[in-house]
Amino acid sequence: MRYIDLHVHSNCSDGTLTPEELVLRGIKNDLVAFALTDHDTVNGVARAVKKAAELDNHIQVIPGVELSCQYDVSPDRNVEIHILGYQIDYTNETLLTTLQKVAKERDNRNKKMCDNLQKAGYPISYEELTEKFGNLIITRAHFAKLLLENGGVPSMDHAFHTCLAIDSPYFVNREYLTPKNAIALIQSAGGIPVLAHPLLYKMSVSEIRTMLDTLKSYGIRGIEAIYSRNHGTDEAFVRKLADEYELFITGGSDFHGSNKPDIEMGTGTGNLRIPVMLLENLRTTSA
């Protein structure tokens, strides 16, 4: 059996390996293909594609992206969800222009958040954050890493659960794409929209079903069923949802390098296996 990984991050967003290093890692781990799905950027895709070509394409690089969206569960409650885009044209002007706007908005949020943390006595500044990570899409993982290096927190995990938690007094909300706009953006770049890790959003079964009804009406085509953080019957449940909503399934490790040290590219926490046959969903749907 040959395997793939359809959810991988580089250091162009919040991973720790370069796009080129991911190609080498994928080959080392005997993968047939992987999708580079950085958060709200496609800056690493061309580099990964080029590296694979230099190595006689022993591994296929699938151009991708993971878009952060705000989904309204109810009038007084919303959650951040992620839409994966596969087989995108990473040179598409509309895509690039929109991602530049997203990056600028995220930067404004990072300035405010650094200010909040600094005023509370945490050893962090916007200048230091951008000096260290300024060429990347800065996420909370970068905040956590800098806080750890500066002795402000005992671990990155501690930071995520305290000062960087969404209910922290220092946290600053972003302005997100809507799921409808994210799906339309992926489609405009010739890509295939897929809902990432649906069970991470802390929604009830009925809320998940309502969300899938909505996303289906917008044009979602697939759902990530095979995933590193699945437990027990999670995969079977998502597969059932896929059947009910006539969605194809994908799978991915959500590899971030040392930022998620228990997750390996291609195998997740050890037992993940994503069969190469799932590539057919992407090929036939994009045809």
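Residues numbered from 1 in each chain as written. Predicted model: local features only at pLDDT ≥ 70, side-chain atom pairs only at ≥ 80, totals over all residues. Heavy atoms only, no water.

Observations regarding the packing of aromatic side chains
Right, on to step 1. Taken as a whole, this structure holds 1 aromatic pair when the rule is applied.
Right, on to step 2. Judged by centre distance (5.6 Å) and plane angle (70°), the ring pair of Y122 and Y170 falls under edge-to-face. Separated by 48 residues along the polypeptide, Y122 in the loop between α3 (93–119) and α4 (126–133) and Y170 in the loop between α6 (156–161) and α7 (179–188) bring together distant segments of the chain.
Right, on to step 3. Positioned above the aromatic ring of Y3 is the side chain of R273, whose terminal nitrogen or guanidinium carbon lies 5.9 Å from the ring centre. (Phe/Tyr/Trp six-rings, centres within 6.5 Å; stacked < 30°, edge-to-face > 60°. Helix = DSSP H or I, 4+ residues; strand = E, 2+ residues; numbered from the N terminus. Lys NZ or Arg CZ within 6 Å of the ring centre and 35° of its normal.)

A few points about the nonpolar core
The nonpolar side chains of a soluble globular protein tend to be buried, and buried together.
Right, on to step 1. With 66 residues, the main nonpolar core has F34, I81, I83 and L195 as its most contacted residues.
Right, on to step 2. It is strand β3 (residues 60–74) that contributes the most residues to this core, 6 residues altogether.
Right, on to step 3. When residues no more than four places from it in sequence are discounted, the contact partners of I81 are L67, S68, C69, Y71, P179, L195, Y201, M211 and L215.
Right, on to step 4. Counting residues in each nonpolar core, the second largest holds 21 residues, with L117, Y126, F143 and F171 among its members. (Core = buried A, V, L, I, M, F, W, Y, C linked by side-chain atoms within 4.5 Å. Buried < 20%, exposed > 50% of the residue type's maximum accessible area, 1.4 Å probe, protein only. Contact = heavy atoms within 4.5 Å.)

What to know about the sheet that holds strand β1 (residues 3–8)
Right, on to step 1. Judged by pairing direction, the sheet is mixed, and its 7 strands sit side by side in the order β1-β2-β3-β4-β5-β6-β7 without closing on themselves. Of all the strands in the sheet, just β1 and β7 (248–252) have a single pairing partner and so form its edges. With direction set aside, neighbouring strand axes in the sheet form an average angle of 35°.
Right, on to step 2. Direction of pairing for strand β4 (residues 77–86) relative to strand β5 (residues 192–195): antiparallel, over a ladder of 4 bridges. Each residue of the ladder has a partner; that of G85, found in β5, is P193.
Right, on to step 3. In the packing of helix α8 (residues 205–218) onto the sheet, the strands contacted are β3, β4, β5 and β6 (222–227), and the crossing angle to β3 comes to about 115°. (Pairing = 2+ DSSP bridges. Axes fitted to C-alpha atoms, helices over the stretch in contact; angles between N-to-C directions.)

So, the state of the cysteines
Right, on to step 1. Evaluated as defined, the whole model comprises 0 disulfides.
Right, on to step 2. Looking at the unpaired C114, the closest cysteine sulfur is the one in C163, lying at 11 Å.
Right, on to step 3. Here C114 falls in the buried class, since its relative accessible area comes to 2%. (Disulfide = S-S within 2.5 Å.)

As for the pairing of β5
Right, on to step 1. Residues I192 and V194 of β5 are buried on one face, and the alternating residues P193 and L195, pointing to the opposite face, are buried as well.
Right, on to step 2. The parallel pair β5 and β6 is bridged by α8, and the resulting crossover is right-handed. (Right-handed = clockwise from strand over helix to strand, strands pointing away.)

Things to note about helix α5 (residues 140–149)
Right, on to step 1. By the burial criterion, the buried members of α5 are A141, H142, F143, A144, L146 and L147.
Right, on to step 2. Packed against the buried residues of α5 are α3, α4 and α6.
Right, on to step 3. Among the residues trailing α5, G151 stands out with phi positive, at a value near 80°.

A few points about the pattern of salt bridges
Right, on to step 1. Going through the model one piece at a time under the given rule, you end up with 12 salt bridges.
Right, on to step 2. Residue R174 is joined to D40 by a salt bridge in which the shortest nitrogen-to-oxygen separation is 3.6 Å. With R174 in the loop between α6 and α7 and D40 in the loop between β2 (31–36) and α2 (45–54), this pair connects stretches of sequence that are 134 residues apart.
Right, on to step 3. Overall, D40 belongs to the buried group, its relative accessible area being 2%.
Right, on to step 4. Note that K119 and D115 form a salt bridge whose closest N and O atoms lie 3.1 Å from each other. (Salt bridge = Lys/Arg side-chain N within 4 Å of Asp/Glu carboxyl O.)

A look at the pairing of β2
Right, on to step 1. Most of β2 sits inside the fold, with 5 of its 6 residues counted as buried.
Right, on to step 2. Where β1 meets β2, 4 bridges bridge the pair, whose relative direction is parallel. Bridge pairing links D5 to F34 in β2.
Right, on to step 3. At this point the chain moves from β1, through helix α1 (residues 19–28), to the parallel β2, and the crossover so formed is right-handed.
Right, on to step 4. Taken together, the 4 bridges between β2 and β3 define a ladder with parallel strand orientation. Residue pairing for β3: F34 is matched across the bridge by V61.

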